[in-house]
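One letter stands for each residue in the lines below.
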Amino acid sequence: MSGDGFVGGPRSLSAPAPGWTATADVVVVGSGVAGLTTALRLRAHGLRVLLVTKATVDEGSTRWAQGGIAAALAEDDSPDEHMADTLEAGGGLCNEQAVRVLVTEGPDAVRELIAWGAQFDTDATGSIALTREGGHHRNRIAHAGGDATGAEVSRALVEAVAADPGIELVERALVLDLIQDSRGHAAGVTLHVIGSGTRDGVGAALAPNVVLATGGFGQVFGQTTNPYVATGDGVALALRAGAAVADLEFVQFHPTVLWVGPLAQGQQPLVSEAVRGEGAVLLDDAGNRFMLDVHPMADLAPRDVVAKTIMRRMRETGAAHVWLDGRDLGADTWVHRFPTILAECRLRGIDPVSDLIPVAPAQHYASGGVITDLDGHSTIPGLYACGEVACSGVHGANRLASNSLLEGLVFARRIAEAIAHDPRPISDSAAPAISANDRDSGVIANSMRRRLQQVMDTDAGVLRSRDSLTTATESIAVTMADPASGGRPCTEDWETTNLHWVAYVLATHAAEREETRGSHWREDFPESDPNWRFRLVSTLDPSGRLLTERRPPQWLPRSEQ
Ligand code: SIN
């Protein structure tokens, strides 16, 4: 166990005392595929749900998902084959039991989504049309609206949730801290709501079960496909509460994000892998197909292989991007299969029907997060995590394309089952410590956010080394300890604080992992090391010290349930 990292600061976001309370059987935090599905499945068990979400109900990452949902739905496919591809992409660090759950329960979960109203694209025979993405040896990606799968999934689930009077939705509610009872069990969360009437300002949502479904933390980096709400709130909350997090160093960079100029910041337009699945190819400035000699699957190699090869080629040639050639797809395919990408490109004066598309890697997905067992339990009793905020073990060192919506669907069902079969009374709650407006509170000013992103891009992004990671961890730790970085209790500052906590653990893990594996690429350790077939699992001790342990991939956490 290593334990010399000291983040410092109190174990809460130091919000003012809750001015209102709400109660439910379960508080679900987040309204992407994981949160919405959890809420609906809990209702099937008759439980009262408070669904809280940071912005409006459809503003999370789910609606931006283009490619689709991977599941062994075709007759010539099987869960075993899906499992083999998932394990291969995961670079030896997947939890095989979790992957088995994902691939065997996946097809049913997709059918249930269809029963809730999601409409997938169909082929000429009326069956669900299936395409291919990087790392898949079969056509198994179901898609909707061409390249608007996430938007359709979100629409169907939001409508189903709205139709259920047993789910109370609270929008514009930033989750702050976990409320724990005297035994340390989850008892609810504190929230900051920008609302009106009684639910305004800081409040407490009390429930014996809390499900985190807050999505990813792409805003840790300067360029990401994630929306502005992806600030790692769930991972940071879990850390502060004492839950274990794992695999944070495995940050997936999507190989083909539309390159919109050297000064681009924030959310960037994705160009789905499905474009390559339909036949587009990558070219360098000289027009060479550089993926051909790199991997037997060439342009459809697993995502980390393609992203690394693009970065290498950009470094060798000094180019700011490479090119995606989808001209052979033809106008009809572009219009009907990829309407979203076509519109994004044309908005910027690029016509993919006749032009090459400039693309470069950008942050896309967090494979790590709050470590959970096969039923979504975290290491804190009553606290669950689902979807991108969770580390269920299905992704290992690198997520297979289009496994993320599936993970949300499958594990939401399991979490709802687990909660329904483990009724917990509401217990004595101990609200988190309160020190509003205290400059020593550990809240970091939003003015520090851009600097953090620059550090992470330069020193902990696609290319990493001992020197760069030392720079990153030191710089983050200095900011976190510096009273001059102190912020106020407000949404932007709380988010910036969360980004720093997540970034610190990410960079610490990346520094400790002295090898290259999956989406973690060390320039000074360019090979995978069999001695490193471990996951890094971290917790904060009560004084704010980061404790990191090595666990075998098949290890599952246990909370005293
Ligand atoms: C894509 O469409 O390329 C993204 C799909 C994913 O991230 O799984």
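The structure reproduced in this document is the subject of the present report. Given the structure is predicted, the values throughout are model-derived calculations rather than measurements. (Residues numbered from 1 in each chain as written. Predicted model: local features only at pLDDT ≥ 70, side-chain atom pairs only at ≥ 80, totals over all residues. Heavy atoms only, no water.)

### Quick word on the overall build of the protein chain
Here comes step 1: Helix and strand counts for the protein chain come out as 13 helices and 25 strands.
Here comes step 2: Computed over C-alpha atoms, the radius of gyration of the protein chain comes to 22 Å, within 12% of the 24 Å expected from 2.2 N^0.38 for 561 residues, which places it in the range of a compact globule.
Here comes step 3: Counting only C-alpha atoms and orienting by the principal axes, one finds that the protein chain spans roughly 65 × 55 × 45 Å.
Here comes step 4: Out of the 561 residues in the protein chain, the part that is buried amounts to 63%.
Here comes step 5: Within the protein chain, contacts between residues at least 6 apart in sequence are counted, and of these 74% link residues at least 24 apart.
Here comes step 6: Charge centroids of the protein chain, computed over 47 positive and 71 negative side chains, lie 2 Å from each other. (Helix = DSSP H or I, 4+ residues; strand = E, 2+ residues; numbered from the N terminus. Rg over C-alpha atoms; globule rule 2.2 N^0.38 Å. Buried < 20%, exposed > 50% of the residue type's maximum accessible area, 1.4 Å probe, protein only. Contact = heavy atoms within 4.5 Å. Lys, Arg positive; Asp, Glu negative; His and termini not counted. Charge placed at Lys NZ, Arg CZ, Asp CG, Glu CD.)

### Brief notes about the site of the ligand
Here comes step 1: The ligand sits among Gln66, Gly67, Glu133, His254, Leu270, Ser272, Glu273, Arg303, His364, Arg399, Ala401 and Ser402.
Here comes step 2: Here an oxygen atom of the ligand sits 2.8 Å away from a polar atom, N or O, in the side chain of His254.
Here comes step 3: The side chain of His364 places a nitrogen or oxygen atom 2.6 Å from an oxygen atom of the ligand.
Here comes step 4: A breakdown of the residues in the shell around the ligand according to their chemical character gives two nonpolar, six polar and four charged. (Near = heavy atom within 4 Å. Polar contact = N/O pair within 3.5 Å; in protein donor to acceptor, adjacent residues only side chain to side chain. Nonpolar A, V, L, I, M, F, W, Y, C, P; charged D, E, K, R; others polar.)

### Remarks on the sheet that holds strand S4 (residues 49-52)
Here comes step 1: With respect to topology, five strands assemble into an open sheet ordered S8-S4-S3-S12-S21, the strand pairing being parallel. Among the strands making up the open sheet, the edge pair consists of strand S8 (167-170) and strand S21 (383-385). Along the sheet, successive strands turn relative to each other by an average axial angle of 20 degrees, direction set aside.
Here comes step 2: Bridge count between strand S3 (residues 26-29) and S4: four bridges; the pairing is parallel. Within the sheet, the bridge partner assigned to Val27 lies in S4 and is Leu50. (Pairing = 2+ DSSP bridges. Axes fitted to C-alpha atoms, helices over the stretch in contact; angles between N-to-C directions.)

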